[in-house]
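# Summary of the model geometry
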Amino acid sequence: MTSKGQLRQYAEIALAASGNGDLAGAVVTLEALPTDAPARGTLAAALLWPMLANLQVELTALRRLGRVLAVAESDPPDSPQWPAMRAAARVATLMADTLSERLTDPHAALAELEKLTAEAGPDTRFGPIFESARIGLTLSAALHDGDESAYRRLPEQLARMRAAAGPGARDVPLGPQVELVEALADVMNAIQRGADPAEALRRAREAARRLPEDDPLRGLAQQHLGVLTGDPTAADDGWTTTDQDRALHRGFAAARMLGLGEEVDPAKIETAIGHLREAVALTAPDDIHRAFHLTGLALGLYRRSEVTNSPAGLDEAVTLLTEARTLAGGADHPHWSLINDVLDAVQTRLGQAPAADRPTWLDAMRGHTFRVMVQSDLAGATVAAADAGRDALDFARRGLHDRDPAAAIKALDAGRGLALFAATEVGRLPARLRAAGRADLAVRWEAALASGDPERLPTTLRREAFRVLAAQGVPALLDPPGLPEIRRALLDLDADVLVYLVPGERGLPGHAILAPADGPPGYLTLPNLHPDQDLEVEQYLTASARRDMGPADDGSRPDAAFAGSLDALCRWAWRAALGPIVDKYLPRLRRPPDGRPPRIVLVPTGRLALIPWPAARRPDGRYAIESVAISQTVSARMLCHAAALPPVKLAPTGLIVGDPDTGGVADDLPSARVEAYAIRRTFYPGARYVGRRMDDNVSPTGAGRGDEVRDWLVSSSPGAGAMLHLACHGFASTGRGTAYLLLAGGERLAAETLGPLLARAPQRQIGLVVLAGCHTGRAISGYDEAYSLGTAFLAAGVRSVLSTLWPIPDAATSVLMFMFHHYLRVERRPVGDALHRAQLWMIDPRREPPERMPAELRDELNRTDPAEVAAWAGFVHWGR
């Protein structure tokens, strides 16, 4: 029996359900009905429709909707619209959990979202709700997994959502919330890039002010802005929060207040410690953020100890970090590196053990390696690798302080070229996964590779795969090679010593850290190795930067400023590093066999990667290459990778690309055509020639398009050959994070596409790639990453690569490249030795062109000075 009072309640609810009443009041009325009231579930379902139709992305509305859904599900209506409506309402509750940061497993929530999408069927009325939730959950999952590109992709995802919503999207209630999220994403992107986030912060604050005062998202925005600006009290203005919310805000904001261990004001440090103690006290033992709060408090105690020069609090810091390590569990935890980095610093300050006996620093680097390897794209890997490089240098300096060059080498290599190392693993993963008994993961990985899109290997899949492999044996995957492996690699490559060059900084000297093929490791202190303080280096970098604006012109001679800067730079390079190595260290090693010159493999770190080390010049005017042969490698990892691959015999076949017509995007390179055509005719008569011939006509076998080069790279034809020579424009920009070869029609062959491309053809054996274009050896993702066009080919399995440091002069390059192939094919010298001999020929005043050098190249020789440093020293040998 229904009373008159209940009838009035039913009428109020029905009026709101029709869109003509107060929804919030109707929900209160619904919840006041007895649980056994007739048709209570049907009335709740009726309320869901207007609530979903006018949904606002704010916590109060979303939680209210969740309560109504719970009532409706207790007695669901028998209606064909109910499944889609229930699915959309459930998705809205997932959005509430995302906004309030209460998701413990975002991947499970994503899986539920996909299931709900299927349940909703073809009903498109709730599409924006599903898409909004997908964006939020994807971001949560990405951040949970440590995907550094999550914020970078967010504006693009929001733009797609707006486009799908139609031209009036900015006028719907979702607009201000979306603009706030976009601005916060821009803040995070700026911080990741090291750029000024002030403008993005201004937009975020403005978007937050535009929200209603009672909108909980406004409070969440204040919380996040407080975290980003290091203000732990920014959210203490009455907005509703839980202990978890307060702990999260206090912990992250106080950690930022410490400046990641850089703060020097004792009062600020003490304040941050207080906030961090509160964060720890507020978090439960199973809280997913507890490990971070414990580490933040330990960092504050360590920083206070440094600033006050007192050991007080360090024992407590060890206890906190020991608990944090236990909670984190292993290298796949997003804070594993930070925990172990701080613990190693505390142990060092306590004087507990030398670096070689402390496993914590290596654990920290394992965490960095795991984090880099699970990134979904190069941009994310670059951000993750930057932290690794900084920590590796700190750990290496601690090793040198302990007079332990072996520990310093291991530390340096643990943080070198990690994005490139991750690229080498892309093609190896299926076999590794099958060996680990996970053929299912191998199949998913191969399917993603087959797309040819680097971003089809998402962080979720990468994390799952690398977690499986790490559990099989962390050292095999996450650790750098040891000295025995380095020695074997040097012997296999017929090299004598691996040399890390580490620049000095902040009053500390530079170092050369040396791992010989025979004998113990050592190091040299290099007090002059300060590239940031030397005028010669700065003038060279400035002149080089002026030439680094895109594809180079076709000038036959370098400009005067650049040539002049090179001369001073080369003398500095000898004085600062090569001189002590060649004159003081090399004589201690066993004399090389057969009278050959000593062979050095350099790993120049930081800005030292930009220096043409073979051109280091003695006071008497002789160059380093007149005493030693020099190759480069990104890291000992990549050295061992190159040495482990079997040699590939070259034949008079392959692919040669000669100055393809870029459609006006870049200048013509007439000498490049002479070079390419002469090399093909003289040394590789069976090779395919694409691009333009010397008479300006397009080759009948191809214009030099991107698909022609890509098809050759993955060709299974025995006649394709194993040598690729590219005489075309190259472009690289560290600031833009891009490097590419410019092919016919202005098409780009980008560095980051090479690994996934060649991973699709694991049986392809390429012995040599010559990148006779500008900038092909310039790093695009930070000097310590050394991710360039040249090293991308090397990481993809090419045995030997030649690449360039600067815009190479067209005419002189054509002569140098002809001589390189002459020594390679006619005199049968190894690749590195062939380049070394060709460079020596260029500086020899008694040089004589080989009989087979065509007349056109002799003309090029006559109109240039091959002995100029810019003419020959820009080429670098990598690999075998």
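One can find the structure itself at the top, above this paragraph.
Residues numbered from 1 in each chain as written. Predicted model: local features only at pLDDT ≥ 70, side-chain atom pairs only at ≥ 80, totals over all residues. Heavy atoms only, no water.

## Section: the overall build of the protein
Counting secondary structure elements, the protein contains 36 helices and 14 strands. By the burial criterion, 59% of the 880 residues in the protein qualify as buried. Pairs at least 24 residues apart make up 71% of the contacts formed inside the protein by residues separated by at least 6 positions. Carbon and sulfur atoms make up 52% of the accessible area of the protein, which amounts to about 35000 Å² in all. (Helix = DSSP H or I, 4+ residues; strand = E, 2+ residues; numbered from the N terminus. Buried < 20%, exposed > 50% of the residue type's maximum accessible area, 1.4 Å probe, protein only. Contact = heavy atoms within 4.5 Å. Areas by Shrake-Rupley, 256 points an atom, 1.4 Å probe, with all protein chains shown as cover.)

## Quick notes on the packing of aromatic side chains
Within the structure shown, the criterion is met by 8 aromatic pairs. Look at Phe-683 and Phe-818: their rings are 4.9 Å apart centre to centre, the planes differ by 50°, and that puts the pair in the tilted class. You can see Phe-683 sitting in helix α29 (residues 670–683) and its partner Phe-818 sitting in helix α33 (residues 810–826), a full 135 residues away along the chain. When sorted by exposure, Phe-683 lands in the same class as Phe-818, which is buried. Here the basic side chain of Arg-637 rests over the ring of Phe-421, its NZ or CZ set 4.4 Å away from the ring centre. A cation over a ring is seen here: Arg-764 above Trp-712, with NZ or CZ 4.4 Å from the ring centre. (Phe/Tyr/Trp six-rings, centres within 6.5 Å; stacked < 30°, edge-to-face > 60°. Lys NZ or Arg CZ within 6 Å of the ring centre and 35° of its normal.)

## Describing the side chain of Thr-813
Inspection of the secondary structure assignment puts Thr-813 in helix α33. Take Thr-813: its relative accessible area is 2%, and that puts it in the buried class. Discounting residues that sit within four places of it in the chain, Thr-813 has contacts with Glu-675, Ala-772, Ile-808 and Phe-875.

## Observations regarding unusual backbone geometry
One non-glycine residue, Asp-696, adopts positive backbone phi at about 80°. For Asp-696, the location among the structural elements is in the loop between β7 (688–691) and α30 (706–713). Here Asp-696 falls in the partly exposed class, since its relative accessible area comes to 43%. With a phi angle near 65°, His-775 is a residue other than glycine that sits in the positive phi range. Position of His-775 among the secondary structure elements: in the loop between β12 (768–771) and α32 (789–795). The exposure class assigned to His-775 is buried, which follows from its relative accessible area of 1%.

## Quick notes on the nonpolar core
Leu-498, Leu-501, Trp-572, Trp-613, Leu-713 and Phe-820 are the most contacted members of the largest nonpolar core, which totals 167 residues. At 13 residues, helix α27 (residues 560–585) tops the list of elements feeding residues into this core. Filtering out sequence-adjacent residues up to four positions away, Trp-613 remains in contact with Leu-501, Leu-529, Trp-572, Ala-573, Ala-577, Leu-578, Leu-602, Pro-604, Leu-608, Ala-624, Ile-630 and Gln-632. Among the nonpolar cores identified, the runner-up in size contains 51 residues, and Leu-314, Leu-321, Ile-339 and Met-373 belong to it. (Core = buried A, V, L, I, M, F, W, Y, C linked by side-chain atoms within 4.5 Å.)

## Considerations on the pairing of strand β9 (residues 729–733)
Most of β9 is tucked away: 5 of the 5 residues are buried. Burial along β9 is two-sided: the face carrying His-729, Phe-731 and Ser-733 and the face carrying Gly-730 and Ala-732 are both buried. As judged from the 5 bridges shared by β9 and strand β10 (residues 738–742), these two strands associate in the antiparallel manner. Its bridge partner lying in β10, Phe-731 is registered against Tyr-740. (Pairing = 2+ DSSP bridges.)

## Things to note about the environment of Tyr-540
Position of Tyr-540 among the secondary structure elements: in helix α26 (residues 535–546). Here the alpha-carbon distance between Tyr-540 and Ser-565, two residues 25 residues apart in the chain, equals 4.7 Å. Non-local contacts of Tyr-540, meaning those with residues more than four positions away in its chain, are made with Phe-562, Ser-565, Leu-566, Leu-569, Leu-610, Ile-611, Pro-612 and Trp-806.

## A short note on the state of the cysteines
For the structure shown, the criterion picks out 0 disulfides. Left unpaired, Cys-728 is separated from the closest cysteine sulfur, that of Cys-774, by 9.5 Å. The exposure class of Cys-728 is buried, given its relative accessible area of 2%. (Disulfide = S-S within 2.5 Å.)

## Examining helix α34 (residues 831–843)
Its 13 residues give α34 an end-to-end C-alpha distance of 19 Å, which sits within 8% of 18 Å, the value for a rise of 1.5 Å per residue. With 11 of its 13 residues buried, α34 lies for the most part within the structure. (Expected span 1.5 Å × (residues − 1).)

## Examining the pattern of salt bridges
Counted according to the given criterion, the structure contains 45 salt bridges. Residue Arg-617 pairs with Asp-567 through a salt bridge whose shortest N-O separation is 3.3 Å. Of the two residues, Arg-617 sits in the loop between β4 (599–604) and β5 (629–632) while Asp-567 sits in helix α27, which places them 50 residues apart along the sequence. The class of Asp-567 is partly exposed, set by a relative accessible area of 34%. Its salt-bridge partner being Arg-692, residue Asp-696 comes within 3.7 Å of it at the nearest N-O pair. Taken together, the shared-partner salt bridges connect Asp-659, Asp-668, Arg-673, Arg-692 and Asp-696 into one network. (Salt bridge = Lys/Arg side-chain N within 4 Å of Asp/Glu carboxyl O.)

## Quick notes on the pairing of strand β14 (residues 875–879)
Of all 5 residues in β14, 5 are buried, a share of seventy percent or more. Here 5 bridges tie strand β13 (residues 800–804) to β14, and the two strands are oriented antiparallel to one another. From the neighbouring strand, Val-801 faces β14, where its bridge partner is Trp-878.

## A few points about helix α14 (residues 290–308)
In this model α14 runs 27 Å from its N-terminal to its C-terminal C-alpha over 19 residues, within 8% of the 27 Å that 1.5 Å per residue would give. The buried fraction of α14 amounts to 15 of the 19 residues, a majority that puts the element mostly inside the structure.

## Notes on the sheet that holds β9
Reading across the sheet, the 3 strands line up as β9-β10-β11 and stay open at both edges, with antiparallel pairing between neighbours. The outermost strands of the open sheet, each flanked by one partner alone, are β9 and β11 (748–750). Mean inter-strand twist for the sheet, computed between neighbouring axes without regard to direction, equals 25°. (Axes fitted to C-alpha atoms, helices over the stretch in contact; angles between N-to-C directions.)

## Some details on the packing of helix α2 (residues 23–32) against helix α3 (residues 40–53)
Their axes nearest at 11 Å, the elements α2 and α3 cross at an angle of 160°. Here α3 runs roughly antiparallel to α2, going by the angle between their axes. Pair α2 / α3 crosses with left-handed handedness. Within the contact between the two elements, α2 uses Leu-23, Ala-26, Val-27, Leu-30 and Glu-31 and α3 uses Arg-40, Leu-43, Ala-44, Leu-47, Pro-50 and Met-51. (Parallel < 35°, antiparallel > 145°, perpendicular 65-115°, else oblique. Left-handed = near helix turned anticlockwise from the far one by under 90°.)

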